[in-house]
Amino acid sequence: MEDVSKAMQQLMSQRHLTANYRQLMEKVYADPQVQAFYHEHQSELAADVLDRSAAKLYEYVTERAKVAQGGETFAAGYEPQLIVSNHLIDVAYVPTQATQEKQAQQQLRQRVRSIAMPKDIRNAQLDDFDHDESRMEALMAAYDFIETYEASPHRRHQALYLAGSFGVGKTYLLAAIANQLANDGFSSTLVHFPSLAVEMKNAIAQNGVGDKLEAIKKAPVLMIDDIGADAMSAWVRDDILGVILEYRMQEELPTFFSSNFSMVQLENEHLRVSSRGDDEPLKAQRLMQRIRFLAREITMIGVNRRPQ
Ligand code: ADP
Ligand code: MG
């Protein structure tokens, strides 16, 4: 196999090149990666490739040096790579390792859609979840769900209804489940239910209820956080919550809940009475049937972990 630098020397002696250019190109041709590429692909390359692709090889070596020094490059976040194109050598730009990691991170974030949730849920991890005895059951159930769901995401999986007082870590656990699912390639949507109710009321004026509701209804995994925290109007209960639950039950889509209320309390103290004060036990019962179909209740006890 012909040595690149020898070929180059020949090439340069045939031409009247300036000393400056010669020096520059000698460095380019001596570059170990240029040499390796040339040798590896020689059979696919034109005989006069070193001459005809000189500008590309020069671009490759200089741009790569800039990336290595962290300088401003032709395409930020990308690095040059030699490729064969039409029997000549060309330069393609591919994302750097750092860019690839950043893109993966972004993709991961996009798998967790959150509506009116606190920002710090992004960092919630199952590994960091404090599993004293009172929280162990919830944590185990979370792991069980993740395992069975990921093994067959299109089958029916009963999710969890996390009941427990303020600050025990219900929201944290839901977020940690969502982040773990994202990590494994599955999308979920977390909604703070009281805020959603307000948002929906505001959306009526702009005719925006339909689209928002549609997206939530169809989320592959839905987590309804803090259900029961605010008094619900009959409209929110029947036309928002009711519609979401009906769809998810029909389609057997995993749906989590968190609440300061137990299921029994939610039915009797919350869903039964509309914000106008009407007592509607049958409506409450129907909603609870759906919630029970979708999720099983787990009580979380423990100290309030919120910073006081
Ligand atoms: P809840 O939703 O039950 O009211 P949160 O999930 O909001 O409670 O938790 C209350 C606070 O405690 C939050 O600031 C949360 O980040 C933190 N927290 C909850 N559980 C844990 C945990 N296991 N490890 C570390 N921090 C936690
Ligand atoms: Mg909460």
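Residues numbered from 1 in each chain as written. Chains lettered and ligands numbered in written order. Predicted model: local features only at pLDDT ≥ 70, side-chain atom pairs only at ≥ 80, totals over all residues. Heavy atoms only, no water.

K.L.:
A description of the UniProt feature "domain: IstB-like ATP-binding" (unreviewed entry) in the protein should follow, citing residues and the corresponding values.
P.N.:
According to UniProt, the feature "domain: IstB-like ATP-binding" (unreviewed entry) maps to residues 102–246 in the numbering used here. Helix makes up 53% of residues 102–246 and strand 13%, with an end-to-end C-alpha separation of 38 Å. (UniProt positions renumbered as here; feature names shortened; annotations may be inferred. Helix = DSSP H or I, 4+ residues; strand = E, 2+ residues; numbered from the N terminus.)

K.L.:
How would you summarise the pairing of strand β7 (residues 255–259) if you had to cite specific residues and measurements?
P.N.:
With five of five residues buried, β7 lies mostly within the body of the structure. In β7, alternate side chains face the same way, and those of T255, F257 and S259 on one face and F256 and S258 on the other are all buried. With three bridges connecting them, strand β4 (residues 159–164) and β7 associate as parallel partners. Within β7, the position partnered with A163 by the bridge is S259. In this structure, strand β6 (residues 222–225) lies alongside β7, joined through three bridges in parallel fashion. (Buried < 20%, exposed > 50% of the residue type's maximum accessible area, 1.4 Å probe, protein only. Pairing = 2+ DSSP bridges.)

K.L.:
Explain the site of ligand 1 to me, and be specific about the residues and the numbers.
P.N.:
Within the structure, ligand 1 sits among 13 residues, and D130, G167, T171, Y172 and R306 are positioned closest to it. At 2.7 Å from an oxygen atom of ligand 1 is found a main-chain nitrogen or oxygen belonging to G167. Contacts to ligand 1 include Y172, whose backbone N or O atom sits 2.7 Å from an oxygen atom. Protein contacts shield 81% of the accessible area of ligand 1, which totals 550 Å² for the unbound molecule. Judged by the proximity of its atoms to the pocket grid, ligand 1 belongs to the largest pocket. The class makeup of the residues in the shell around ligand 1 is four nonpolar, four polar and five charged. (Near = heavy atom within 4 Å. Polar contact = N/O pair within 3.5 Å; in protein donor to acceptor, adjacent residues only side chain to side chain. Areas by Shrake-Rupley, 256 points an atom, 1.4 Å probe, with all protein chains shown as cover. 1 Å grid on protein atoms, 1.4 Å probe; cavity = no way out; pocket = protein on both sides within 12 Å on 5 of 7 lines; lining within 4 Å. Sits in = over half its atoms within 2 Å of the grid points. Nonpolar A, V, L, I, M, F, W, Y, C, P; charged D, E, K, R; others polar.)

K.L.:
Can you lay out the packing of aromatic side chains for me, pointing to particular residues and giving the numbers?
P.N.:
What the rule picks out here adds up to five aromatic pairs. Plain terms: the ring middles of F129 and Y172 are 6.0 Å apart, the flat faces sit at 25° to each other, and that makes the pair stacked. Here F129, found in the loop between β3 (112–115) and α7 (133–151), pairs with Y172, found in helix α8 (residues 170–183); they are 43 residues apart in sequence, far enough to count as distant. Judged by relative accessible area, F129 falls into the buried class, the value being 4%. Measuring from centroid to centroid gives 6.0 Å for Y161 and F257, while their planes differ by 35°, and the two rings are tilted. On the criterion of sequence distance, the pair formed by Y161 in strand β4 and F257 in strand β7 is long-range, its members being 96 residues apart. (Phe/Tyr/Trp six-rings, centres within 6.5 Å; stacked < 30°, edge-to-face > 60°.)

K.L.:
Describe in detail α7, supporting the description with residues and values.
P.N.:
The end-to-end C-alpha separation of α7 is 28 Å, in line with the 27 Å expected for 19 residues at 1.5 Å each. Among all positions in α7, only R135, A138, L139, A141, A142, F145, I146 and Y149 are buried. When α7 is viewed along its axis, its buried side chains cluster within an angular range of 160° and face the same direction. For α7, exposure combined with an orientation more than 90 degrees from the buried face picks out E133, E147 and A151. The inward-facing, buried residues of α7 contact β4, α8, β7 and β8 (295–300). (Expected span 1.5 Å × (residues − 1). Arc of directions from axis to C-beta. Contact = heavy atoms within 4.5 Å.)

K.L.:
An account of the domain arrangement of the protein is requested, with residue identities and associated values reported.
P.N.:
By domain assignment, the protein separates into domain 1 (2–95) and domain 2 (102–300). Put simply, the middle of domain 1 and the middle of domain 2, counted by C-alpha atoms, are 57 Å apart. (Domains from an automatic or database assignment.)

K.L.:
How would you explain the sheet that holds β6 if you had to name every residue and give the values?
P.N.:
To summarise the sheet geometry, strands pair through backbone hydrogen bonds and adopt either a parallel or an antiparallel arrangement. Reading across the sheet, the six strands line up as β3-β5-β6-β7-β4-β8 and stay open at both edges, with parallel pairing between neighbours. Edge positions in the sheet fall to β3 and β8, since each has one partner strand and no second. Going from strand to strand, the sheet's axes swing by 15° on average, the running direction of each strand aside. Here strand β5 (residues 188–192) pairs with β6 via four bridges, running parallel. Bridging from a neighbouring strand, T189 pairs with L222 of β6. Relative to the sheet, helix α11 (residues 234–251) contacts β6 and β7, its axis offset from that of β6 by approximately 150°. Helix α12 (residues 263–271) rests against β4, β7 and β8 of the sheet, and its axis sits at about 100° to β8. (Axes fitted to C-alpha atoms, helices over the stretch in contact; angles between N-to-C directions.)

K.L.:
Go over the pattern of salt bridges, please, and point to the residues and values.
P.N.:
Tallying each qualifying case throughout the model produces 15 salt bridges. Across the pair E63 and K66 runs a salt bridge whose closest N-O atoms are separated by 2.9 Å. Note that E63 and K66 are positioned in helix α5 (residues 54–69) at a spacing of three residues, about one turn of the helix. A relative accessible area of 9% places E63 in the buried class. Taking the relative accessible area as the measure of exposure, K66 reaches 31% and is therefore partly exposed. Linked through salt bridges whose partners overlap, the residues forming this network are R237, D238, E280 and K283. (Salt bridge = Lys/Arg side-chain N within 4 Å of Asp/Glu carboxyl O.)

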